[in-house]
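Structural features, examined
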Amino acid sequence: LQTLPPVQLADKYFQIFPEERDPLWQNPCHDKRHKDIWSKEKTCDRLPKFLVIGPQKTGTTALHSFLTLHPAITSNFLSPVTFEEIQFFNGPNYHHGIDWYMDFFPFPSNASTDYMFEKSANYLDSEVTPRRAAALLPRAKILALLINPADRAYSWYQHQRAHQDPAALNHTFHQVVTAGPSAPPELLGLQRRSLAPGTYSLHLERWLHHYQPSQLLIVDGAQLRSNPALVMEGVQRFLGVTPIFNYTQALTFDDSKGFWCQKLEGGRPKCLGKSKGRKYPDMAPETRSFLTEYYREHNMELLKLLNRLGQGLPTWLREELQSTS
Ligand code: A3P
């Protein structure tokens, strides 16, 4: 019997099985063969029970901050490098492996009653994420937070202006969303990142290839903004977390911010930072009409999907479809 040194052996192996070059991490505790060779020092409990998958600009930071007020719910530690979301499943971080991912989570004091979660707002529209997430977290629950995709696109455009993106500074929102294929690449890039996450039904169907309908909750982002206590009650029931935390007492509406904020001891509000809940002019009516038309089919598909799942329709979706019928 002949063999090769490890690196050459690996080269040979991946020549024969090229599809295995891209790893697919599974939970070591779900397969006895894996568990047997998994270090005794390690635990499979340092994994999230649910994911908030985005998309960006729908209120994901508010949802995240409200969730962490719950005594039984814990989010991941912040990345020591970026201080931002982990973004494990969607990009190069995936190649750091599951120990890297698990290090973002504490050892739960009680694995059955503690609810750990992770929020990475670009998971929803990432091609690779649902398959990877389902391989590692097959029993996880998935929360998607949706607002009118036209408003989402506009919020993203304003976000890019605030970050001095030249394409956003040099073009109106109308120019961005209506740009044709011969427009400069930076304009088309901004257009894609404004519009693509809002084709919600396409993205959600991809998640439903890998997760059962009962594992997915579509949360109305407009309602989270107007009545967070009600939304948080529904979220808790969906997650099955106990005790049911009373958000009516934990939150307060701040008039100067114009948003709901955490109520601190003594009743003072603690709101999200300046980059959440920006002030900017209303969207021009012709741009709104353009986007209503642009998203019409996708919103129709979203309606069918929600009906299929037996989940209620967000008011914004109802209104959007009425205005186009
Ligand atoms: P705008 O700044 O465009 O108004 P995300 O956290 O996913 O990036 O979403 C940001 C959006 O969350 C904000 O967009 C804001 O409208 C919305 N939002 C909802 N509830 C909020 C809250 N309680 N405080 C601040 N922003 C909130």
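Residues numbered from 1 in each chain as written. Predicted model: local features only at pLDDT ≥ 70, side-chain atom pairs only at ≥ 80, totals over all residues. Heavy atoms only, no water.

Under the annotation held in an unreviewed UniProt entry, the protein chain carries the name [heparan sulfate]-glucosamine N-sulfotransferase and is attributed to Aldrovandia affinis.

Regarding the overall build of the protein chain
Looking only at helices and strands, the protein chain has 15 helices and eight strands in total. The globule rule puts the C-alpha radius of gyration for 325 residues at 20 Å, and the 22 Å found for the protein chain is close to it. In terms of its C-alpha atoms, the protein chain occupies a principal-axis envelope of roughly 75 × 55 × 40 Å. By the burial criterion, 45% of the 325 residues in the protein chain qualify as buried. Look at the contacts in the protein chain between residues 6 or more apart in sequence, and 71% of them connect residues 24 or more apart. Total accessible area on the protein chain stands at roughly 17,500 Å², and carbon and sulfur atoms take up 54% of it. Charged side chains in the protein chain number 35 positive and 32 negative. The centres of these two groups are separated by 3 Å. (Helix = DSSP H or I, 4+ residues; strand = E, 2+ residues; numbered from the N terminus. Rg over C-alpha atoms; globule rule 2.2 N^0.38 Å. Buried < 20%, exposed > 50% of the residue type's maximum accessible area, 1.4 Å probe, protein only. Contact = heavy atoms within 4.5 Å. Areas by Shrake-Rupley, 256 points an atom, 1.4 Å probe, with all protein chains shown as cover. Lys, Arg positive; Asp, Glu negative; His and termini not counted. Charge placed at Lys NZ, Arg CZ, Asp CG, Glu CD.)

A few points about helix α15 (residues 315-322)
Turning to α15, its buried residues number three or more, namely Trp316, Leu317, Glu320 and Leu321. Mapping the buried residues of α15 onto a view down its axis gives an arc of 125 degrees, with all of them on the same face. Those residues of α15 hidden inside the fold are in contact with β4 (141-146), α6 (149-162), α10 (200-208), β5 (216-220), α11 (221-226) and α14 (285-309). (Arc of directions from axis to C-beta.)

Some remarks on unusual backbone geometry
Gly54 connects to Pro55 through a cis peptide bond whose omega is 5 degrees. Position of Pro55 among the secondary structure elements: in the loop between β1 (50-52) and α3 (60-67). At the junction of Thr242 and Pro243, the peptide bond is cis and its omega measures out at -5 degrees in the coordinates. Examined against the element boundaries, Pro243 turns out to sit in the loop between α12 (228-239) and α13 (247-250). Non-glycine residue Lys57 carries a positive phi angle of around 75 degrees. By the element assignment, Lys57 lies in the loop between β1 and α3. The residue Gln164 is not glycine, and still its phi comes out positive at about 60 degrees.

Remarks on the site of the ligand
The local shell around the ligand holds 17 residues, among which Thr60, Thr61, Ser155, Gly277 and Tyr280 are the closest. Within the backbone of Gly59, a nitrogen or oxygen atom sits 3.0 Å from an oxygen atom of the ligand. Residue Trp260 places a main-chain N or O atom 2.9 Å away from a nitrogen atom belonging to the ligand. In the complex, the protein chains occlude 95% of the 570 Å² of accessible area that the ligand would expose alone. With four residues, α3 is the single largest residue contributor to the shell around the ligand. When the residues that make up the shell around the ligand are grouped by side-chain class, the tally is six nonpolar, seven polar and four charged. (Near = heavy atom within 4 Å. Polar contact = N/O pair within 3.5 Å; in protein donor to acceptor, adjacent residues only side chain to side chain. Nonpolar A, V, L, I, M, F, W, Y, C, P; charged D, E, K, R; others polar.)

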